[in-house]
Amino acid sequence: SFSVFSPFANLLIMPIVPLAMFVGFVVAAVGVISLPLASVGSLFLLPLVRYEIGVIRWFGSLPWVILIEHSIIFGVVYYAILGWFIISEKHEQLI
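Residues numbered from 1 in each chain as written. Predicted model: local features only at pLDDT ≥ 70, side-chain atom pairs only at ≥ 80, totals over all residues. Heavy atoms only, no water.

Some thoughts on the nonpolar core
Then, in step 1: Listed in full, the 6 residues of the largest apolar core are Ala20, Val23, Val27, Ala38, Leu45 and Leu48.
Then, in step 2: Looking at this core, the elements that each hand over two or more residues are α2 (17-33) and α3 (35-61).
Then, in step 3: Dropping the residues within four chain positions of it, Val27 is found in contact with Ala38, Gly41 and Ser42.
Then, in step 4: Among the nonpolar cores identified, the runner-up in size contains 5 residues, and Ile13, Val55, Phe59 and Leu62 belong to it. (Core = buried A, V, L, I, M, F, W, Y, C linked by side-chain atoms within 4.5 Å. Buried < 20%, exposed > 50% of the residue type's maximum accessible area, 1.4 Å probe, protein only. Helix = DSSP H or I, 4+ residues; strand = E, 2+ residues; numbered from the N terminus. Contact = heavy atoms within 4.5 Å.)

See the structure below:
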């Protein structure tokens, strides 16, 4: 299945993912040395993860989200068209 709103959810989540991964790595590394210190560091990670989960739950709870049951070819074509629009928009900005 394929949700037509997945690109929008990805646009909201993807900028946060690298930061959450970095903070999670730092907290895990600090946790090897000191669990109390890692617990304090995890307070910075919690809002990032809650935001990600909140966005996912919100998009998943929309009653009018249409899931399209097609082959993987449909997804490839959909993202190819989306990528074409993005590339053509950036190309127009360069001109």
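Having seen the structure, we can now continue with the description.
Re the packing of aromatic side chains
Then, in step 1: Going through the model one piece at a time under the given rule, you end up with 2 aromatic pairs.
Then, in step 2: Ring geometry for Trp58 against Phe59: centres 4.9 Å apart, planes inclined by 85°, an arrangement best described as edge-to-face. (Phe/Tyr/Trp six-rings, centres within 6.5 Å; stacked < 30°, edge-to-face > 60°.)

Comments concerning the layout of surface pockets
In this approach the atoms are scanned with a rolling probe the size of a water molecule, which exposes any empty space left behind.
Then, in step 1: Each pocket or cavity is described by its volume, and for the largest pocket that value is around 160 Å³.
Then, in step 2: Around the largest pocket, the lining residues are Pro7, Phe8, Asn10, Leu11, Met14, Tyr78, Tyr79, Leu82 and Ile86.
Then, in step 3: Contributing elements (two or more residues each) for the lining of the largest pocket: α1 (6-13) and α4 (72-94).
Then, in step 4: Its residues assigned to classes, the lining of the largest pocket shows 8 nonpolar, 1 polar and no charged. (1 Å grid on protein atoms, 1.4 Å probe; cavity = no way out; pocket = protein on both sides within 12 Å on 5 of 7 lines; lining within 4 Å. Points joined across faces, edges and corners; volume = space filled by probe spheres on them. Nonpolar A, V, L, I, M, F, W, Y, C, P; charged D, E, K, R; others polar.)

Quick look at the packing of α2 against α3
When two helices pack together, their arrangement is captured by the angle between the axes and the distance separating the axes.
Then, in step 1: Axis separation between α2 and α3 bottoms out at 8 Å; the angle between their running directions is 160°. In terms of orientation, α2 and α3 fall into the roughly antiparallel class. Pair α2 / α3 crosses with left-handed handedness. Facing α2, whose interface residues are Val17, Leu19, Ala20, Val23, Gly24, Val27, Val30, Gly31 and Ile33, α3 presents Leu35, Leu37, Ala38, Gly41, Ser42, Phe44, Leu45, Leu48 and Glu52.
Then, in step 2: Considered class by class, the residues forming the contact of α2 with α3 number 13 nonpolar, 4 polar and 1 charged. (Axes fitted to C-alpha atoms, helices over the stretch in contact; angles between N-to-C directions. Parallel < 35°, antiparallel > 145°, perpendicular 65-115°, else oblique. Left-handed = near helix turned anticlockwise from the far one by under 90°.)

Considering a nonpolar patch on the surface
Then, in step 1: Residues Ile72, Ile73, Val76, Val77, Ile81, Trp84 and Phe85 make up a contiguous nonpolar surface patch of about 790 Å² in total accessible area.
Then, in step 2: Mapped onto the elements, Ile73 comes out in helix α4.
Then, in step 3: Residue Ile73 is classed as exposed on the basis of its relative accessible area of 57%. (Patch = residues over 30% accessible without salt bridge, like charges linked within 9 Å, V, L, I, M, F, W, Y side chains within 5 Å. Areas by Shrake-Rupley, 256 points an atom, 1.4 Å probe, with all protein chains shown as cover. Salt bridge = Lys/Arg side-chain N within 4 Å of Asp/Glu carboxyl O.)

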